[in-house]
Amino acid sequence: MVVQRNHSRVASRTFQDFRAQVTVTDRYFAGELGDIAEAGLCLVLPGDVRVSDGEEIQGEIRAEHLALSMQFAGKVAWTSDGIKAGQPCRLVGVSFDQELELPEAVIALGMSAA
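Everything numeric here is computed off the predicted structure, so don't read it as measured data.

A. A look at the packing of aromatic side chains. Taken as a whole and judged by the stated rule, the model has 1 aromatic pair. Measuring from ring centre to ring centre gives 5.7 Å for F72 and F96, while their planes differ by 45°; the resulting arrangement is tilted. Of the two residues, F72 is situated in strand 6 (residues 68-84) and F96 in strand 7 (residues 87-96); the sequence distance between them amounts to 24 residues. Using a relative accessible area of 8% as the deciding quantity, one classes F96 as buried.

Have a look at this one:
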């Protein structure tokens, strides 16, 4: 599956402090934010998580050090196996149902890492 991106993605190592809590078809998972744009995001979930393209997903991203909380809803666009800190992980691309307006603090984090 080819995913065409029309929006700049914000990715930063500081996102390791951003926690994600998501529900996919009545299953709950906790993970981290990989990157984010107005139209979607990448989640880093535990390696044993299995989700399928097209499944509905909803969740919340929190960053306590910024007192930030963002809720989202969308569909799983893609999945991939990965390694983070020497451990298996599952990368999950999410396409939002409605575009999000990214908080200035998130954009600033991305710019500071560039």
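B. Quick peek at the nonpolar core. Counting 23 residues, the largest nonpolar core has L41, L43, I57, I61, F72 and V94 as its most contacted members. Looking at this core, the elements with two or more residues in it are strand 2 (19-24), strand 3 (27-36), strand 4 (40-46), strand 5 (56-63), strand 6 and strand 7. Top element by residues in this core is strand 6. It accounts for 4 residues. Dropping the residues within four chain positions of it, I57 is found in contact with V22, T23, V24, L43, F72, A73, G74, K75, V76 and V94.

C. Spotlight on the pairing of strand 2. The alternating pattern of strand 2 places A20, V22 and V24 on a buried face, while none of R19, Q21 and T23, on the opposite face, is buried. Across 6 bridges, strand 2 lies against strand 3 in antiparallel orientation. Considered in strand 3, the bridge of V22 is made with F29. Counting the residues between successive antiparallel strands, the hairpin from strand 2 to strand 3 contains 2 residues, one of them, T25, with a positive phi of roughly 45°. As defined by bridge partners, strand 2 adjoins strand 5 across 6 bridges and the pair is classed as antiparallel.

D. Here's a closer look at the pattern of salt bridges. By the definition in use, this model includes 6 salt bridges. Two residues, E32 and R19, come together in a salt bridge whose shortest N-O distance is 3.3 Å. Here E32 is found in strand 3, whereas its partner R19 is found in strand 2, with 13 residues between them in sequence. The residue E55 makes a salt bridge to R27 at a minimum N-O spacing of 2.7 Å. Of this pair, E55 sits in the loop between strand 4 and strand 5 while R27 sits in strand 3, placing them 28 residues apart in sequence.

Reading the values: rules and limits
- Residues numbered from 1 in each chain as written.
- Predicted model: local features only at pLDDT ≥ 70, side-chain atom pairs only at ≥ 80, totals over all residues.
- Heavy atoms only, no water.
- Phe/Tyr/Trp six-rings, centres within 6.5 Å; stacked < 30°, edge-to-face > 60°.
- Helix = DSSP H or I, 4+ residues; strand = E, 2+ residues; numbered from the N terminus.
- Buried < 20%, exposed > 50% of the residue type's maximum accessible area, 1.4 Å probe, protein only.
- Core = buried A, V, L, I, M, F, W, Y, C linked by side-chain atoms within 4.5 Å.
- Contact = heavy atoms within 4.5 Å.
- Pairing = 2+ DSSP bridges.
- Salt bridge = Lys/Arg side-chain N within 4 Å of Asp/Glu carboxyl O.

By themselves these figures say nothing about function.
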